[in-house]
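What follows is each chain in one-letter form.
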Amino acid sequence: MGPSSLEKIVALQRNPANIRNLCILAHVDHGKTTLADCLVATNGIISSRLAGKLRYLDSREDEQIRGITMKSSAISLHFSNGDQEFLLNVIDSPGHVDFSSEVSTAVRLCDGAVVVVDAVEGVCPQTQAVLRQAWLENIRPVLVINKIDRLIVELKLTPQEAYSHLQNILEQVNAVTGTLFTSKVLEERAEKEEEEEEEEEKGGKALSGDQVYDWSARLEEADDSLLYFSPDQGNVVFASATDGWGFSIQQFAHIYSQKMGIRAELLLRTLWGDFYLNAKAKRIMKGAQAKGKKPLFVQLVLDNIWSLYDAVVTRRDKEKVEKVVSSLGVKVLARDLRHSDPKVLLAAICSQWLPVSQAVLVMVCEKLPSPLDITAERVEKLMSAGARRFDSLPEKTQELKRAFLQCSSGEEDPLIVFVSKMFAVDTKTLPQNRQRPLTHEEMTQRRDLARQRHADSRAAELKGPAHSEGTPQEAPPPPPDSAQMESLTLKDSKPDEEEEHQTFIAFARVFSGVARKGQRVFVLGPKYDPTQALSTLPEGVRASDCVVEVPHLSCCSMENLYLLMGRELEELEKVSVGNVLGIGGLELSVLKSATVSSSPACPPFIPLSFEATPIVRVAIEPKHPSEMHKLVRGMRLLNQADPCAEVLIQETGEHVLVTAGEVHLQRCLDDLRDRFAKIEISASKPIIPFRETVVRPPKVDMVNEELGRQQKVAPTHQGRWSDTLHVDSGGLVTLTTPSRLATVSIRAVPLPQEVTGLLERSAALIRTLEQVNMSLREGKSLDVSQRTLEAIAGLKAQLESLLQGRKWRNAVERLWAFGPRRVGPNILLNGVEGYQRPSVWQCLSGAVQPAAATRDLDHSIVSGFQLAALAGPMCEEPLMGVCFSVEKWEVRSSAPPQHQDSLEESGPHGPINHGQGEGGGEAERRPEPASADCYGPVSGQLIAAVKDACRHAFQAQPQRLMAAMYTCEIMATADVLGRVYGVLGKREGRVLHEEMKEGTDMFLIKAVLPVAESFGFADEFRKRTSGLASPQLVFSHWEVISSDPYWVPTTEEEYLHFGEKADSANQSLKYMNAVRRRKGLYVEEKIVEHAEKQRTLSKNK
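I will try to describe carefully the structure that is included in this document.

Calculation rules
Residues numbered from 1 in each chain as written. Predicted model: local features only at pLDDT ≥ 70, side-chain atom pairs only at ≥ 80, totals over all residues. Heavy atoms only, no water. Helix = DSSP H or I, 4+ residues; strand = E, 2+ residues; numbered from the N terminus. Buried < 20%, exposed > 50% of the residue type's maximum accessible area, 1.4 Å probe, protein only. Areas by Shrake-Rupley, 256 points an atom, 1.4 Å probe, with all protein chains shown as cover. Pairing = 2+ DSSP bridges. Axes fitted to C-alpha atoms, helices over the stretch in contact; angles between N-to-C directions. Contact = heavy atoms within 4.5 Å. Lys, Arg positive; Asp, Glu negative; His and termini not counted. Salt bridge = Lys/Arg side-chain N within 4 Å of Asp/Glu carboxyl O. Polar contact = N/O pair within 3.5 Å; in protein donor to acceptor, adjacent residues only side chain to side chain. Phe/Tyr/Trp six-rings, centres within 6.5 Å; stacked < 30°, edge-to-face > 60°. Lys NZ or Arg CZ within 6 Å of the ring centre and 35° of its normal. Expected span 1.5 Å × (residues − 1). Arc of directions from axis to C-beta.

1. Some remarks on the overall build of the protein chain
Tallying secondary structure elements over the protein chain gives 36 helices and 35 strands in all. For the protein chain, buried positions account for 49% of its 1101 residues. For the protein chain, the accessible area works out to roughly 55300 Å², and carbon and sulfur atoms hold 51% of it.

2. As for the sheet that holds strand S20 (residues 616–622)
The strands making up a sheet associate through backbone hydrogen bonding, with each pair oriented either parallel or antiparallel. What the 4 strands build is an open sheet, ordered S21-S22-S20-S23; its pairing is antiparallel. Each of the sheet's edge strands pairs with one partner strand only, and the pair in question is strand S21 (646–649) and strand S23 (681–683). With strand direction ignored, the average angle separating the axes of adjacent strands in the sheet is 30°. Note: S21 against strand S22 (residues 655–659), 4 bridges, orientation antiparallel. Paired with leucine 648 across the bridge in S22 is valine 656. Along the sheet, helix H22 (residues 628–641) contacts S20, S21, S22 and S23; its crossing angle with S22, the most-contacted strand, is approximately 25°. Most of the contacts of helix H23 (residues 662–676) go to S22, to which it runs at about 135°, and overall it touches S20, S22 and S23.

3. Some remarks on the side chain of aspartate 37
Inspection of the secondary structure puts aspartate 37 in helix H2 (residues 32–41). Summary of buried charges: aspartate 37 has no salt-bridge partner, and the nearest side chain of opposite charge, arginine 55, is 7.0 Å away. A polar contact of 2.7 Å, which involves the side chain of aspartate 37, links it to the backbone nitrogen of arginine 55. Those residues within four positions of aspartate 37 in sequence are excluded, and the remaining contacts are Ile46, Leu50, Ala51, Gly52, Lys53, Leu54, Arg55, Tyr56 and Leu57.

4. Some remarks on the packing of aromatic side chains
Following the criterion strictly, the structure yields 23 aromatic pairs and no others. Considering the side-chain rings of phenylalanine 404 and phenylalanine 511, the 5.8 Å spacing of their centres and the 45° angle between planes classify their relative orientation as tilted. Of this pair, phenylalanine 404 sits in helix H18 (residues 395–406) while phenylalanine 511 is found in strand S11 (residues 502–512), placing the two residues 107 residues apart along the sequence. Here the two residues phenylalanine 404 and phenylalanine 511 agree in accessibility, since each one is buried. Ring pairs connect the aromatic residues Tyr163, Phe238, Trp245, Phe247, Phe252, Tyr256, Trp272, Phe297, Tyr309 and Trp353, which therefore count as one cluster. For arginine 108, the ring lying beneath its charged end belongs to phenylalanine 418, and the centroid distance is 4.9 Å. Above the face of the phenylalanine 511 ring, arginine 509 is positioned so that its terminal group lies 4.5 Å from the ring centre.

5. Side note on helix H9 (residues 249–260)
Taking 1.5 Å of rise per residue, the 12 residues of H9 would be expected to cover 16 Å, and the 16 Å separating its terminal C-alpha atoms lies within 8% of that figure. Within the span of H9, buried status applies to Ile249, Phe252, Ala253, Tyr256 and Ser257. Buried residues in H9, looked at end-on, bunch into an arc of 135°, giving them a common side. Along H9, the residues that are exposed and aim more than 90 degrees away from the buried face are Gln258 and Lys259. Of the surrounding secondary structure, the elements contacted by the buried residues of H9 are strand S7 (245–247), helix H10 (264–270), helix H12 (296–314) and helix H15 (342–353). Immediately beyond the C-terminal end of H9, within one or two residues, lies glycine 261, with a positive phi of roughly 75°.

6. With respect to the pairing of strand S32 (residues 959–973)
Counting buried positions along S32 yields 14 of 15 residues, so the element is predominantly enclosed. Note: strand S24 (residues 690–694) against S32, 5 bridges, orientation antiparallel. Paired with threonine 693 across the two strands is arginine 960, which belongs to S32. Across 10 bridges, the pairing between S32 and strand S35 (residues 1030–1040) is antiparallel. Bridge pairing in S35 places methionine 971 opposite serine 1030. Where S32 lies against strand S34 (residues 1002–1010), 9 bridges are found, and the strand directions are antiparallel. Its bridge partner lying in S34, alanine 972 is registered against phenylalanine 1003.

7. Overview of H18
All of the buried residues in H18 are Thr397, Leu400, Lys401, Ala403 and Phe404. Axial view of H18: buried residues confined to an arc of 165°, hence all on one face. At its buried positions, H18 is contacted by helix H17 (376–383), strand S10 (416–426), S11 and helix H21 (530–536). Just downstream of H18, cysteine 407 is the residue with a positive phi angle, here 50°.

8. Quick notes on the side chain of aspartate 1044
Relative to the assigned elements, aspartate 1044 resides in the loop between S35 and helix H34 (1052–1058). A distance of 3.1 Å separates a polar side-chain atom of aspartate 1044 from the backbone nitrogen of tyrosine 1046.

9. Regarding the pairing of strand S1 (residues 19–26)
Taken across its 8 residues, S1 has 8 buried, putting it largely inside the fold. The alternating pattern of S1 places Ile19, Asn21, Cys23 and Leu25 on one face and Arg20, Leu22, Ile24 and Ala26 on the opposite face, and all of these are buried. By the bridge criterion, 6 bridges tie S1 to strand S3 (residues 84–92) in an arrangement that is parallel. Pairing of cysteine 23 across the sheet is with isoleucine 91, part of S3. As judged from the 5 bridges shared by S1 and strand S4 (residues 112–118), these two strands associate in the parallel manner. When the sheet's bridge partners are listed, cysteine 23 is paired in S4 with alanine 113.

This is how it looks when you write it as structure tokens:
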């Protein structure tokens, strides 16, 4: 098919029934971009000979060098299938785990996905991840099993073995999909059961005690016929994109129905499966495996492909090749027949016999849904942001569902666009700035001007010598004045500014209405509430009107609309519903992603879910301090251009870049240096995050000797003692403020591991709970959805079930605060006797409890705890899994400075103990200057006292560091397995399990590796294994490092094992000192180890 004109594509954009929005998803190096090249070649954009070599959609230089895709790129293709014409918006996405955020941005805009799987490697970790992302976004996948040529050329399998291998791959893919489907069905069933139980309880019916609960009941009812991949359903293509061939069994069914006279429908049902051809009876029969016969797929399909490879690649048999060419009826050029590389001849034959693009595009058109087929379930899910249910949204908002489902594109229909990411392009490459071709008249005019200038210069040259002979030499021209100099400099500097300028284009899709160039629209932030806006804004308001201030709502105009064509952009006047497009002019209103609409009733879409968590941090500074402003601007642009990168300024003033991994970090630094800041920058070594925690006292020491037998206690790092600080043997810390006005007693206890994990997972819910409590404290009413309340009640129930035992009695009700930043995995408990304060769960009861008498200083206790949880005593890293219990809290009356020392002896009448009730009399006795002002000196001293008390209580327990851990998935051959284990062992890795992939010599190894040891890991891996193993690193969890950083050898056995100075490296101490050194904290280490007298060489003689 020839190249398509822009007019043709614009015409196709108006018919949503024939539009297909699809993304290509796969594990890294499974052949996505090569497949995309084959599809692009059908439109004549690139030569079919260059498909797979050019990697057209990898437009960045570093993508071409590394050979991996790093960003999602879209291109619009025209395809004719029979008498119908289709517009295909194809998005090529990365497969590397560091760039999985780009996959999320692509999947949101699509209705279908082409999942590519390597025929040798099968289902890999990232294949599972992309299938899960497609499932979460409710988009339909189709399968391409790629690189089948590797089964022939590399593994040298027979057609029968290859058939079994392909069956295994299909089973693996279907197993992943089946797991996702089962979990969804069971979730829905559990929700329905709960609703039924509630209804029965309301109705007064009781369930019979002997009722059996059947989990599989709903699974049998659920329709999963369209869920699985099967060649006979037409949603699987077998291909070798690099050799240019691919087929679905429909093609072979059509070929053989004409040759053999068997109905195509029958062949379609029997070509894949346990069927064979009985030559005598001329019938297709079942039971090929039992009878030892060749399956139909092997006999009619694979045998032909294997014999073609045998003739062309293996034997290079010219006679047989000519026979094959004539029997297939394809035309091969003489230069291809003579070519020294047999792959060129193979590609020439296959691209005419079984073109991969034809097979894939026909499958896409027939099996993937159009924008009109969007499901109601997906629409409701997209519109239910936060914890809101769709049916709890305003009526006007729910009416928008109809516009979604019908893909309305009328004048009055609301425009709804979702922007999934912003990407930067050079301003020069925009269509409006591109050099247009000159007309014939302009060319003639320019030629005449050039001739005139040339004639004038020749005349001046001839006249020059004669003139200079007769006339005295002229004086040199006067130097230009300062104003002229300034204008010259400005003129010279303008091009540089233009060169630096990057324009941001929004990568978006129209879900309803028609987007028009210059149209004013509302930009809805993620926290935008349509209920509040509809009550504030006047009826029928438009974005072009002057809008009243509404939180998280802004207006802007779509200045330009672009058709995305891979490396190029084409300008459009309007874009109809169901199309993917680029929008210019939104960079000041949209940071990374947003919902854009012409109606304020539209809710913001649910946020994108990212598989990879940004964990790798580096501090960045310019080489020349004078260029700091350029760095700040560049980092702001980088933050906008990358969906996953985070940019922040730490308390120390460092500019920090947070990325998903090493490759992602390198790309971000290159972008910052070459595109956004355009200055020389220096990046620090990666800032490795740690967490500090306390553990239960260990039972054995470092040499596994029982502590009890040796009459030893586990070492704890006690804090310093003073007249205001007391630490008892049980770990209770009592601290008095310097003014002797307040005393607090705090104990630190380790939280169970399950509770820490629950608090970490529920961070978003705890943040919502904190917002609700803040509103209740301020006396405001906050409308909380029933779903959110149910989730909060569920969190409370889970905490109650996990915090069992005498030590944790009534702990959930006594919860004072979470920390750090009010959402972290540490808790503060109220253990003060008799002090009743508003519960953190008060939103569940509905009634607001009256505030206690110590309300003013209550904030000081919480603030002190938050500060202590944010920076622990070991190396100023955040705490994790620690519970602080406030067991005593007293505030004394103020006294003159000379009597401050006697306050401690003032007896029972002096102190006001907040454990003795909450009556009004106590508040009256409390003096005004001491604590009435919540920002007074007592408040500040109490914050500092609580912080110090928490730190000392932490130090009174056995302390440990927690390291961030990666899950490392490695695919390696058997001969490099030993080296894999060697590299993992050297870097403190731990292998969890290994298994051999069926039908291959590949091993799949799953290990955990500290993030601190992961830098340079992938490079070392490739070097040691000669590129035969490649690791995939994904942030997994936090893990306690078992060694005590403060441990020193004390017994004879420990001296024998570890030497006088604990010569074997203490991993925990090494990490702790590295962090302290980076932060400029004191590090306890000997600078001079061996201070022997220095002797010169001359004295040694």
